[in-house]
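Fold and geometry: a report
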Amino acid sequence: MTSRSFLRLALAGAVASGAVMLAALPADASKAPRTVPVRLLALNDFHGNLEPPTGSSGRMVDENGQTVEAGGAVYIAAHMKALADKNTIAVAQGDLIGATPLISAAYHDEPSVEFMGKLGLKVAAVGNHEFDEGYSELRRIMKGGCHPVDGCSPAGEWKGAAFDYVGANVLFKNPHEKSDALAALGGAKPGAIKHMLRDWGVPALPPVSIKWMNGVPIGFIGLVTQTTPNIVTSEGIKDLKFVDEVKAANVASKLLKLVGVKAQVVLVHEGDQVNAGQSPDACSAVPGAGNRIATQVDPEIDIVLSGHSHQAYVCTVKDPAGHDRLFSQGGSFGRVITQVDLKVNARTRDIDRASVVADNHVVTRTVTPDPEISAFVQTWKDRVAPVANKAVGTITTDITNTAAPSGESALGDLIADAQLAATKTGGNAQIALMNPGGVRASLTHASSPAGEGDGVVTYGEAFTVQPFNNLMQVVTLTGAQLKTVLEQQFTGGPNNQAFTKILQPSANFTYTYSAGAPWGSKVSDMKIDGVPVTDTQSIRVAANNFLVGGGDAFLGFQDGTDLWSGPLDIDAFVDYLGQHNPIAPPATDRITAVA
Ligand SMILES: [Zn+2]
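These numbers were taken from a predicted model, which means no experiment stands behind them.

**Considering the overall build of the protein chain**
- Check the secondary structure of the protein chain and you find 16 helices and 29 strands.
- For 595 residues, the compact-globule estimate of 2.2 N^0.38 gives 25 Å, and the protein chain sits close to it at 26 Å.
- Each principal axis of the C-alpha distribution contributes one length, and for the protein chain these read about 85 × 55 × 50 Å.
- Burial status across the protein chain gives 55% buried among its 595 residues.

**Side note on the environment of L555**
- Along the chain, L555 turns up in the loop between α15 (545-548) and β28 (561-568).
- A relative accessible area of 37% places L555 in the partly exposed class.
- Aside from chain neighbours lying at most four places away, what touches L555 is Q488, N495 and G550.

**Describing the pairing of strand β8 (residues 208-213)**
- Of the strand pairs in this sheet, β8 and strand β9 (residues 216-224) are connected by six bridges, and their pairing is antiparallel. The partner of W212 across the bridge, within β9, is P217.
- The loop that links β8 with its antiparallel partner β9 comprises two residues; one of these, N214, has a positive phi angle of about 50 degrees.

**Things to note about the packing of helix α9 (residues 245-258) against helix α10 (residues 289-296)**
- Taken N-terminus to C-terminus, the directions of α9 and α10 make an angle of 30 degrees; their axes are 9 Å apart at the nearest point. Comparing their axes, α10 and α9 come out roughly parallel. Crossing geometry of α9 relative to α10 is assigned as right-handed. Contacts from E245, V246 and N250 of α9 reach α10 at R292, I293 and Q296.
- Split by residue class, the contact of α9 with α10 holds two nonpolar, two polar and two charged.

**A short note on the side chain of N469**
- Structurally, N469 is set in the loop between α13 (459-465) and β22 (471-478).
- Residue classification places N469 among the buried positions, given a relative accessible area of 9%.
- Setting aside chain neighbours within four positions, we find N469 in contact with A99, T100, A105, F463, L568, D569 and I570.

**Looking at the coordination of the zinc ion**
- Surrounding the zinc ion are the protein donor atoms D95 (OD), N128 (OD1), H269 (NE2) and H308 (ND1), which sit 2.0 to 2.3 Å from the metal.
- Taken together, the four donor atoms coordinating the zinc ion span angles of 86 to 162 degrees at the metal, a pattern that classifies the geometry as irregular.
- On the primary sequence, the residues serving as donors to the zinc ion are separated as D-x32-N-x140-H-x38-H. One end of the pair, D95, is in the loop between β4 (88-92) and α4 (102-105); the other, H269, is in strand β11 (residues 263-269), with 174 residues separating them in the sequence.

**Some remarks on helix α11 (residues 371-388)**
- In a regular helix each residue adds 1.5 Å, so 18 residues correspond to 26 Å; α11 covers 25 Å between its end C-alpha atoms and thus fits that length.
- Among all positions in α11, only I373, F376, V377, W380, V384 and A388 are buried.
- In this structure, the buried side of α11 is in contact with α3 (73-83), α4, α5 (110-119), β21 (456-458) and α13.
- Capping the start of α11, D370 holds a side-chain oxygen 3.2 Å from the backbone nitrogen of E372, two or three residues further along.

**Description of the pattern of salt bridges**
- Applying the stated criterion across every chain, the model contains 22 salt bridges.
- Here R292 makes a salt bridge to E245, at a shortest N to O gap of 3.0 Å. Placement of R292 in helix α10 and of E245 in helix α9 is noted, with a sequence separation of 47 residues between them.
- The shortest N-O distance in the salt bridge between D417 and R590 comes to 2.8 Å.

**What about helix α14 (residues 479-487)?**
- Along α14, the residues that are buried comprise G479, L482, V485, L486 and E487.
- Along its buried surface, α14 packs onto β20 (431-434), β22, β24 (509-514), β25 (523-528) and β27 (538-544).

**Details of the confidence of the model for the protein chain**
- In the predicted model, the protein chain carries a mean pLDDT of 90, and 92% of its residues have values of at least 70.
- Confidence over residues 1-27 falls short of pLDDT 50; this stretch has 42 contacts with residues more than four positions distant or in other chains.

**A closer look at the packing of aromatic side chains**
- Scanning the model with the defined rule gives nine aromatic pairs in all.
- Residues Y107 and W380 carry aromatic rings whose centres are separated by 4.9 Å and whose planes lie at 55 degrees to one another, so their mutual orientation is tilted. Here Y107, found in the loop between α4 and α5, pairs with W380, found in helix α11; they are 273 residues apart in sequence, far enough to count as distant.
- Take W380: its relative accessible area is 1%, and that puts it in the buried class.

**Considering the state of the cysteines**
- Scanning the model with the defined rule gives two disulfides in all.
- In this model C146 forms its disulfide with C152; the gap between the sulfur atoms is 1.8 Å. Its torsion about the S-S bond being 75 degrees, the disulfide of C146 and C152 is classed as right-handed.
- Here C146 falls in the partly exposed class, since its relative accessible area comes to 25%.
- The side chain of C283 participates in a disulfide bridge whose partner is C315; the two sulfur atoms lie 2.1 Å from each other. Torsion about the S-S bond of the C283 and C315 cystine: about 95 degrees, corresponding to right-handed handedness. With a gap of 32 residues between them, C283 in the loop between β12 (273-274) and β13 (285-286) and C315 in strand β15 (residues 312-318) connect regions that are remote in the sequence.

Each value, and the rule that gives it
- Residues numbered from 1 in each chain as written.
- Predicted model: local features only at pLDDT ≥ 70, side-chain atom pairs only at ≥ 80, totals over all residues.
- Heavy atoms only, no water.
- Helix = DSSP H or I, 4+ residues; strand = E, 2+ residues; numbered from the N terminus.
- Rg over C-alpha atoms; globule rule 2.2 N^0.38 Å.
- Buried < 20%, exposed > 50% of the residue type's maximum accessible area, 1.4 Å probe, protein only.
- Contact = heavy atoms within 4.5 Å.
- Pairing = 2+ DSSP bridges.
- Axes fitted to C-alpha atoms, helices over the stretch in contact; angles between N-to-C directions.
- Parallel < 35°, antiparallel > 145°, perpendicular 65-115°, else oblique.
- Left-handed = near helix turned anticlockwise from the far one by under 90°.
- Nonpolar A, V, L, I, M, F, W, Y, C, P; charged D, E, K, R; others polar.
- Donors = N, O, S within 2.8 Å, 3.2 Å for Na, K, Ca; no water.
- Tetrahedral: all angles 85-135°; square planar, octahedral: opposite > 155°, others 65-115°.
- Expected span 1.5 Å × (residues − 1).
- Polar contact = N/O pair within 3.5 Å; in protein donor to acceptor, adjacent residues only side chain to side chain.
- Salt bridge = Lys/Arg side-chain N within 4 Å of Asp/Glu carboxyl O.
- pLDDT = per-residue confidence, 0-100.
- Phe/Tyr/Trp six-rings, centres within 6.5 Å; stacked < 30°, edge-to-face > 60°.
- Disulfide = S-S within 2.5 Å.

Structure (structure tokens):
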């Protein structure tokens, strides 16, 4: 069979299926090409920041090189309304939910997904964090229903996302799994599509979403980082596999072509790092996993909008056919909206690449807040107040994140103890190490909800200390590798550590360091439960997924093997406070600093 007759067959199948029929109809070729304007407005890595994010998470370098305050739902909505025209399709590149502030996290992120619907979002790629609570919870967020354990939120039964979630590289491990992922391509699957997917696998999510604008179809292909299994809890995704983004995009692109959709946009939750301090419109991205995807996916794909690395950039890369292709990202936490203007040739139904213009807009807070969204956010603030005020434990006195001369803090040590307790059983952890920068606030005795100084710790206070929803993980390191990790605490060294960052150890792990000793010889006398550590022994080390991934230049963690992922760090912390009630600040005597 020639490829042409194969295509005709496919189109016949597509016509029979109804939903995709219009896309397959040929346009009148006798007329001169007419171009159709389309505007995409894109967000990525919102992470539930309904309230304006604070600290460095709420600041952004703008086009003039000025650092300005940015983000917040009321400002996103105001900017979106100002930027949207009648040709606009709003899209997103994942991590809209997961790792969210309490206002969203307390309700399984329903408030954030509802907000995205109110913004007019039409299609979003799934990010790794969309899988934080597992695949079945993501399905509930997509389709509606109340949470199986926590029930309905105060807003009533969840109605489901008002937009399409897409993820072409998320497949079922079981090749016989029943899938409704292609429902959007028509109820009865065209034979050619069925045939194509037989060799590919069973999609666990819709791979594509087709949106019509001014009479032309635009196909959106969703992709999520193939590293997702390393950064989410394994139990929730045990039935899924996350396959190579480029291969999946190319299958999805062919799928779109089969049904006559040639204007193709990839929404990918994977991206690159940038040189710090650059304009959001600069192309300062350092080629990495995002660039690989942006340059290697099928030449039929016109635009690659990215996410995951929380950076802002606007780049033009070459596709495999040598044509220019947009590759961009819009920061994180709702601080940037990426505007992409393009023209579709109404005859060929393809995007005119020369017409593509992209601009990253900083979501400044100098505009008038959107009144409807202001009321919406206030409603959820009021609802979450009782959750935030729920008592989870008691402290005997202040437990602070202030570092002792050794670099330990009482609260850092306590969190390490909590993390070890939470990972001993499932992950066989022997010690725990906590990054000091992740201890975001102190627990103060006087700051109970009523201010009466009774030492009550509320869930909101605990969440302020541990707000990242990091996953607890455990890896095996040799004694020598553990020593390398500890050497990496100090400024300088092969990883170019910018600051000395002393990891907070669990109570059963002690050692001595000499900051003045040469790099590589600073750490000595490591002991676990009082027993000296040998270079060759295997040690199960618990840490959050940020550290295990090599965060804060602790690249030594990346040599760890037998990775296990467990509970969220906040859950480990809250459980520990509940089980050790009341709790006193631990002595900061685990590390001995010598001259
Ligand atoms: Zn991500």
